[in-house]
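# Observations on chain architecture
Listed below are the residues making up each chain.
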Amino acid sequence: DRKEFECLAENIYYESRGEPYIGKIAVANITFNRAEKEGSFCGAVHRTKQFSWTMMKDLKKPHGDEWFASRHAAHMFSNGVRVKNLEEVHYFHTEAVNPVWDNNMVKIATIGGHQFYKQ
């Protein structure tokens, strides 16, 4: 439904703005994988401390070319476009950070400025 689509598109926007298009699809993949456990995109996106942008105050509304690209990526993902080998991947972070949780994970891919992991 529309609300679920918007949650997916917002997560793509805030998590992969400035990334290559395949990076946006990869973020959609991980959001979907988490949504399978949560039961919905909105549930997965807004679950406490899952995506850093949801904890930020005063975020500007999505806008411009990046919002268009994020909505397009969400649409393409909804129509079956996927990134290979991310079926069991539930975690990612930017290369700019070094979280302690990734020490116990298997790195699957680097796409754009993100690293993707599975347990």
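Structure first, text after, so check above.
Overview of the structure. (Residues numbered from 1 in each chain as written. Predicted model: local features only at pLDDT ≥ 70, side-chain atom pairs only at ≥ 80, totals over all residues. Heavy atoms only, no water.)

### Points about the overall build of the protein chain
What counts here: By definition, any uninterrupted DSSP run of H or I lasting at least four residues is a helix, any uninterrupted run of E lasting at least two residues is a strand, and each is numbered from the N terminus. The contact criterion used is simple: two residues touch if any of their non-hydrogen atoms lie within 4.5 Å. Per-residue and other accessible areas follow the Shrake-Rupley method at a 1.4 Å probe size, with only the shown protein chains counted as cover for residues. Here the positive residues are Lys and Arg and the negative ones are Asp and Glu; neither His nor the chain ends is included. The atom standing in for a charge is NZ when the residue is Lys, CZ when it is Arg, CG when it is Asp and CD when it is Glu.
From N to C terminus, the protein chain includes four helices and three strands. The order of helices and strands in the protein chain, counted from the N terminus, is α-α-α-α-β-β-β. Each principal axis of the C-alpha distribution contributes one length, and for the protein chain these read about 35 × 35 × 30 Å. Residue pairs in contact within the protein chain that sit at least 24 positions apart in sequence constitute 61% of those at least 6 positions apart. Here the protein chain displays about 7,100 Å² of accessible surface, and carbon together with sulfur accounts for 50% of that area. In the protein chain, 16 positive and 15 negative side-chain charges are present, and the distance between their average locations comes to 2 Å.

### Things to note about the sheet that holds strand 3 (residues 114-118)
Our working rule: Only strands joined by at least two bridges in the DSSP assignment are considered to pair. Helix axes are fitted to C-alpha atoms over the stretch in contact, other axes to C-alpha atoms as well, and angles between N-to-C directions run from 0 to 180 degrees.
Reading across the sheet, the three strands line up as 1-3-2 and stay open at both edges, with antiparallel pairing between neighbours. Among the strands making up the open sheet, the edge pair consists of strand 1 (91-94) and strand 2 (106-111). On average, each strand axis in the sheet is inclined to that of its neighbour by 25 degrees, with strand direction left out of account. Pairing of strand 2 with strand 3, which is carried by five bridges, proceeds in the antiparallel orientation. Residue pairing in the sheet places T110 in a bridge with Q115 of strand 3. The strands that helix 2 (residues 21-38) touches are strand 1, strand 2 and strand 3; relative to strand 1, the one it contacts most, it runs at about 140 degrees.

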